[in-house]
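# Chains, contacts and geometry: an overview
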Amino acid sequence: METGTGKTYCYIKTIFELNQKYGWSKFIIVVPSIAIREGVNQSLKGTAEHFAESYNKKARFFIYNSRQLHQLESFSSDSGINVMVINIQAFNAAGKDNRRIYEELDDFQSRRPIDVISANRPILILDEPQKMEGNKTLDALAKFNPLMVLRYSATHKTTHHKVHRLDALDAYNQKLVKKIAVRGISVRGLAGTTAYLYLESIEISKKAPVARVEMEVRQTSGPKRVIKRLKLGDNLFDLSNELEQYRGFVVSQIDANTDTVEFTNGHELQAGEATGDETEGTIRRIQIRETIRAHFEKEQVLHAQGIKVLSLFFIDEVAKYRDYEAEDDKGEYARIFEQEYQQIKDEYLSELALDNHAYRAYLEKITPDRTHNGYFSIDKKTKRLTDPSVKTRGEEAGQSDDVDAYDLILKDKEKLLSFEEDTRFIFSHSALREGWDNPNVFVMCMLKHSDNTISRRQEVGRGLRLCVNQHGDRQDNPATVHNINVLSVIASESYKDFVGNLQQEISNSLSARPSKADVDYFTGKVMTTDQGKVEVTADMARQIYRYLVKNDYTDDNDAITPAYHSAKAEGSLAPLPAELEPYREQILTLSTACSALPPCRI
């Protein structure tokens, strides 16, 4: 099941179904980390009343603690539905406390907890089983003597007996997750010049399009980078107060269709592209600015609908956010954020409609220093934020040990969704993967080196859940779901590179799905209509195939093209041959199901 589609809900419902149909009542949910364990516990609490209404009973659940073994007694003796949540470190780590599960304990009537557990023949539910495939973990799981094992994940490494699939494409087509929009920030040098330029965006107006470009301007204190609105014929040499590096830069074309600006000296600038004498700090500043701007664009629309917008920054070290050597404890990114936030906030307030009183009041009351926060580990001795320590040996390789950070995130999850909480921008370590999802993350920024140690799919997955409003109502109306739920990703690489790598990762997970919309694919498929079931004949399949080819809806490899997705979304697909038109919806469903990837957009 794809990230954000409700795996936890699905397996909790499975527990109730198995109890109702077969009477099984002992279940153990095994998780790979503290974060997921706490998330599962919250889900069990949050859905208790919901499932009680459907099944007329409640499940008794608890987190395994070797110091509170009376709960294990109840797990064995109670006849109702009993669910134990346990993380693999509780039975798989080398610490003395964790080994208690295998020891004869005086405070447990000289019994071993593992023997009491195994005597129940529990059903094991593995959440993120790809994290539990080491030999040591598999041997330990066998000691639970399970009746069966159910595995739930978006990214299985080993495929066992698959009973259900809801992959990335299914999730997108069924409108169960957000759309993804990517803004790549790329760097291109200009031969023979150090002119700094960054094309932020192109604005469409009633007259000619206008380009928002950041450039340097000579001032009494030295050059300063400012945003200029450029129109056709503007001379950057004049606008920069005659900085020599801009000589010859006269705007010759602004193309809103391709998001490009051309100059008379032959240079061309693409939206999201920085050129000239830039540094990594410059690129990070641009990313932070674009994230804030994207946040305001979404917030201005969604605030009136009672939806709080959150933005998430991934960084690679705490020092860039919290610097305890500095007088105010602020790191480089925190300083840049507050500077850029204030500038963009002032700009938005100056352009905001006067009658938008509610949003204006909301925006004015939040100060730059109160609207961002960092979620990292907390050193228990110094009480300071710290990089999470990560085990590098044995079964827990790659498992984060930052319990405090995850507890803070999970406890504040619902509070973050309230307009009463000023925090809207969250800085967190790049190691944040499975275990924390907030449905109202609308903007995500990668302020780190792209080293591929964490997949783009895992990172993007943190923001795929459909959002909720102030009443907790999920915004999943099929007619508007993808108008509201769009996740913007501000990437530290070009749009093409980021999307290409993201889609390759998704493609690898769709290996079992047909990707060629050829004659063989359509032949024999069964379509359900009001008049009954209709099988696609070879002649019909050839007609469908020719239709797709004729309209450039497939490429040279017979894969569905982005043009098909765009036309389908806009309702502008070419008409089918008359004899196929009665089956239009079924044929489009078949074609979409064959698609290799859900679309990303810039």
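Residues numbered from 1 in each chain as written. Predicted model: local features only at pLDDT ≥ 70, side-chain atom pairs only at ≥ 80, totals over all residues. Heavy atoms only, no water.

## Notes on the sheet that holds strand E19 (residues 425-429)
To keep things clear, this is the line we draw: Two strands are counted as paired when DSSP detects at least two bridges linking them. Strands are runs of DSSP state E lasting at least two residues, helices are runs of H or I lasting at least four, and both sets are numbered from the N terminus onward. Orientation is described by lines fitted to C-alpha atoms, with helices fitted over the stretch in contact, and by angles between N-to-C directions that extend from 0 to 180 degrees. Should any heavy atoms of two residues lie within 4.5 Å, those residues are counted as being in contact.
Judged by pairing direction, the sheet is parallel, and its six strands sit side by side in the order E6-E21-E20-E15-E19-E16 without closing on themselves. On the outer flanks of this sheet lie strand E6 (179-184) and strand E16 (372-375), each paired with one strand and no other. Going from strand to strand, the sheet's axes swing by 20 degrees on average, the running direction of each strand aside. Here three bridges tie strand E20 (residues 441-447) to strand E21 (residues 486-491), and the two strands are oriented parallel to one another. The residue of E21 that forms the bridge with Cys 445 is Ile 490. Contacts from helix H10 (residues 280-302) reach E6, strand E15 (310-315), E19, E20 and E21, with the element oriented near 180 degrees to E20. Helix-sheet contacts for helix H11 (residues 332-351) involve E15, E16, E19 and E20, and the interaxial angle to E19 is about 160 degrees.

## Description of the packing of H10 against H11
Put simply, the rule reads: Here the word oblique covers every angle except those under 35 degrees (roughly parallel), over 145 (roughly antiparallel) and from 65 to 115 (roughly perpendicular). By definition, any crossing whose near helix is turned counterclockwise from its far helix by less than a right angle is left-handed, and any crossing with a clockwise turn is right-handed. Under the grouping applied here, Gly and all other residues not named as nonpolar or charged are polar, the nonpolar ones being Ala, Val, Leu, Ile, Met, Phe, Trp, Tyr, Cys and Pro and the charged ones Asp, Glu, Lys and Arg.
Here H10 crosses H11 at 45 degrees, and the two axes come no closer than 9 Å. Comparing their axes, H11 and H10 come out oblique. In the crossing of H10 with H11, the sense of the turn from one axis to the other is right-handed. Along the contact surface, H10 presents Gly 281, Arg 284, Arg 285, Ile 288, Arg 289, Ile 292, Arg 293, Phe 296, Glu 297 and Gln 300, while H11 presents Glu 332, Tyr 333, Ile 336, Phe 337, Gln 339, Glu 340, Tyr 341, Ile 344, Lys 345, Glu 347 and Tyr 348. In terms of residue class, the contact of H10 with H11 is made up of nine nonpolar, three polar and nine charged.

## A few points about helix H2 (residues 34-46)
Helical geometry note: an α-helix holds 3.6 residues per turn, so side chains three or four residues apart project in the same direction. Going by this rule: Multiplying 1.5 Å by the helix residue count minus one yields the expected span of that helix. Each residue's exposure class comes from its accessible area (1.4 Å probe, protein chains only) as a fraction of the maximum for that residue type: buried when under 20%, exposed when over 50%, partly exposed otherwise. Here a polar contact is taken to be a pair of N or O atoms separated by no more than 3.5 Å, where protein atoms must pair a possible hydrogen donor with a possible acceptor and residues adjacent in sequence count only if both atoms sit in side chains.
The end-to-end C-alpha distance of H2, which contains 13 residues, comes to 18 Å, matching closely the 18 Å that a straight helix rising 1.5 Å per residue would cover. All of the buried residues along H2 are Ile 34, Ala 35, Ile 36, Arg 37, Glu 38, Gly 39, Val 40, Asn 41 and Leu 44. The opening residue of H2 is Ser 33, an N-cap whose side-chain oxygen sits 3.3 Å from the backbone nitrogen of Ile 36.

## Remarks on the packing of aromatic side chains
Defined as follows: Only rings of Phe, Tyr and Trp enter the pairing, Trp through its six-membered ring, and a pair is recorded when the two centres are within 6.5 Å. The plane angle decides the type: under 30 degrees is stacked, over 60 is edge-to-face, the rest tilted.
Taken as a whole, this structure holds 25 aromatic pairs when the rule is applied. Ring geometry for Phe 16 against Tyr 55: centres 5.1 Å apart, planes inclined by 25 degrees, an arrangement best described as stacked. Within this pair, whereas Phe 16 is found in helix H1 (residues 7-22), its partner Tyr 55 is found in helix H3 (residues 48-55), the two being separated by 39 residues in sequence. Just as Phe 16 is buried, Tyr 55 falls in that class too. Ring geometry for Phe 313 versus Phe 427: centroids 4.3 Å apart, planes at 10 degrees, classification stacked. Of the two residues, Phe 313 is situated in strand E15 and Phe 427 in strand E19; the sequence distance between them amounts to 114 residues. Residue classification places Phe 313 among the buried residues on the basis of a relative accessible area of 0%.

## Looking at the confidence of the model for the protein
This is how the line gets drawn: The predictor reports its confidence for every residue as pLDDT, a score running from 0 up to 100.
Per-residue confidence for the protein gives a mean pLDDT of 83, with 85% of residues at or over 70. Counted against residues more than four places away or in other chains, residues 389-406, with its pLDDT under 50, gives 37 contacts.

## A closer look at the nonpolar core
A general feature of soluble globular proteins is that nonpolar side chains tend to end up buried together. Which entries qualify depends on this criterion: In this description, a nonpolar core means a group of buried Ala, Val, Leu, Ile, Met, Phe, Trp, Tyr and Cys residues linked to one another through side-chain atoms lying within 4.5 Å.
Counting 57 residues, the largest nonpolar core has Leu 197 and Leu 236 as the members making the most contacts within it. Ranked by residue count, the leading element in this core is H11, at eight residues. Phe 314, Val 441, Met 444 and Leu 502 belong to the second largest nonpolar core, which has 25 residues in total.

## Things to note about the pattern of salt bridges
What counts here: We define a salt bridge as a contact between a side-chain nitrogen of Lys or Arg and a carboxyl oxygen of Asp or Glu at a distance within 4 Å.
Under the criterion given, the structure shown has 29 salt bridges. Where Asp 234 meets Lys 231, a salt bridge forms, and the shortest distance between an N and an O atom there is 3.4 Å. For Asp 234, a relative accessible area of 12% gives the class buried. Three or more residues joined by partner-sharing salt bridges are found here, namely Glu 200, Glu 203, Arg 212, Arg 229, Arg 293, Glu 347 and Glu 351.

## Some remarks on unusual backbone geometry
Not every positive phi belongs to a glycine, and Asn 241 is a case in point at roughly 60 degrees. Tracing the chain through its elements places Asn 241 in the loop between helix H9 (236-239) and strand E11 (251-255). Residue Asp 329 is not a glycine yet carries a positive backbone phi of 70 degrees. Its place among the elements puts Asp 329 in the loop between E15 and H11.

## Remarks on the pairing of strand E5 (residues 148-152)
Rules: With its strands directed away from the observer, a crossover is right-handed exactly when the path from the first strand over the helix to the second travels clockwise.
Bridge count for strand E4 (residues 123-127) against E5 is five bridges, and the pairing is parallel. Along E5, the bridge assignment pairs Asp 127 with Tyr 152. As a crossover connection, the stretch from E4 through helix H7 (residues 135-142) into E5 is right-handed.

## Quick look at the side chain of Ser 153
By the secondary structure assignment, Ser 153 is in the loop between E5 and helix H8 (168-173). Residue classification places Ser 153 among the buried positions, given a relative accessible area of 3%. Within the structure, the side chain of Ser 153 is placed 2.7 Å from the side chain of Gln 130, a separation counted as a polar contact. Not counting chain neighbours up to four residues away, the residues in contact with Ser 153 comprise Met 1, Lys 7, Glu 128, Pro 129 and Gln 130.

## Things to note about the environment of Asn 82
Here Asn 82 lies in strand E3 (residues 82-87). With 54 residues separating them in the primary sequence, Asn 82 and Ile 28 have C-alpha atoms 8.4 Å apart. Among all residues touching Asn 82, those that are not within four sequence positions of it are Ser 25, Lys 26, Phe 27, Arg 60, Ser 74 and Phe 75.

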